[in-house]
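An overview of the molecular structure
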Amino acid sequence: DSEHTAEEVRRLRREVAQLRMDRDILKKSDGLLRQGVVVRYRFIERERVHYPVTVLCRLLAVSRSSYSAWRLGRKSAHAWKSAIIGAHSRDLYAR
């Protein structure tokens, strides 16, 4: 039926647009996945005017909340946990 076909074409066009955006972001971010997380955050900060932050975070394998915490100058939950574990470890080894 033509209505079903038209809906399928619209769905496929949205999917192609998403895939093109993903491809463009990955081309621009060449090698960033091998870099530290702060380098990826800086890339997201530069590109957020061109692409949705959620997409950038997904493609660069960082959580949106960690990026937001970095942007606001706060530590992420993971960073806090790591700091606490590190402090406890240093305390144990100091004994």
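Being a predicted model, the structure only gives us computed values, none of them experimental.

How each quantity is defined
- Residues numbered from 1 in each chain as written.
- Predicted model: local features only at pLDDT ≥ 70, side-chain atom pairs only at ≥ 80, totals over all residues.
- Heavy atoms only, no water.
- Helix = DSSP H or I, 4+ residues; strand = E, 2+ residues; numbered from the N terminus.
- Buried < 20%, exposed > 50% of the residue type's maximum accessible area, 1.4 Å probe, protein only.
- Contact = heavy atoms within 4.5 Å.
- Areas by Shrake-Rupley, 256 points an atom, 1.4 Å probe, with all protein chains shown as cover.
- Axes fitted to C-alpha atoms, helices over the stretch in contact; angles between N-to-C directions.
- Parallel < 35°, antiparallel > 145°, perpendicular 65-115°, else oblique.
- Nonpolar A, V, L, I, M, F, W, Y, C, P; charged D, E, K, R; others polar.
- Core = buried A, V, L, I, M, F, W, Y, C linked by side-chain atoms within 4.5 Å.
- Salt bridge = Lys/Arg side-chain N within 4 Å of Asp/Glu carboxyl O.
- Lys, Arg positive; Asp, Glu negative; His and termini not counted.
- Polar contact = N/O pair within 3.5 Å; in protein donor to acceptor, adjacent residues only side chain to side chain.

1. As for the overall build of the protein
- Helix and strand counts for the protein come out as 5 helices and 0 strands.
- Overall, the protein shows an N-to-C arrangement of helices and strands of α-α-α-α-α.
- Counting across all 95 residues of the protein, residues that qualify as buried make up 25%.
- Sequence-distant contacts in the protein: of pairs separated by 6 or more residues, those separated by 24 or more amount to 42%.
- As displayed, the protein offers around 7,300 Å² of accessible surface, 56% of which is attributable to carbon and sulfur atoms.

2. Quick look at the packing of helix α2 (residues 37–47) against helix α4 (residues 64–71)
- Where α2 meets α4, the axes come as close as 10 Å, and the angle between the chain directions of the two elements is 80 degrees. Judged on the interaxial angle alone, α4 and α2 are roughly perpendicular. Of the residues in α4, those touching α2 at Val 38, Tyr 41, Arg 42, Ile 44 and Glu 45 are Ser 66, Tyr 67, Trp 70 and Arg 71.
- For the contact of α2 with α4, the residue count by class is 5 nonpolar, 1 polar and 3 charged.

3. So, the nonpolar core
- One finds Ile 25, Phe 43, Ile 44, Leu 56, Cys 57 and Tyr 67 to be the most contacted residues of the largest nonpolar core, which totals 15 residues.
- Broken down by secondary-structure element, the contributors of at least two residues to this core are α1 (2–28), α2 and α3 (53–59).
- Leave out the neighbours within four places in its chain, and Cys 57 touches Ile 44, Val 62, Ser 63, Arg 64 and Tyr 67.

4. So, the pattern of salt bridges
- Per the stated rule, a full pass over the model turns up 8 salt bridges.
- Two residues, Arg 23 and Asp 24, come together in a salt bridge whose shortest N-O distance is 3.0 Å.
- The network of salt bridges with shared partners includes Glu 7, Arg 10 and Arg 14.

5. Re the side chain of Arg 40
- Its place among the elements puts Arg 40 in helix α2.
- In this structure Arg 40 is buried but unpaired, with Asp 30 as the nearest side chain of opposite charge at 13 Å.
- Setting aside residues no more than four positions away along its own chain, Arg 40 makes contact with Leu 32, Leu 33, Gln 35, Leu 60, Ala 61 and Val 62.

6. Thoughts on the side chain of Ser 29
- Along the chain, Ser 29 turns up in the loop between α1 and α2.
- A residue is classified by how much of its surface remains accessible, and Ser 29, at 5% relative accessible area, is buried.
- Within the local environment of Ser 29, its side chain forms a polar contact with the backbone oxygen of Leu 26, the two atoms lying 3.3 Å apart.
- Ignoring anything within four residues of it in the chain, the contact list for Ser 29 reads Phe 43 and Leu 60.

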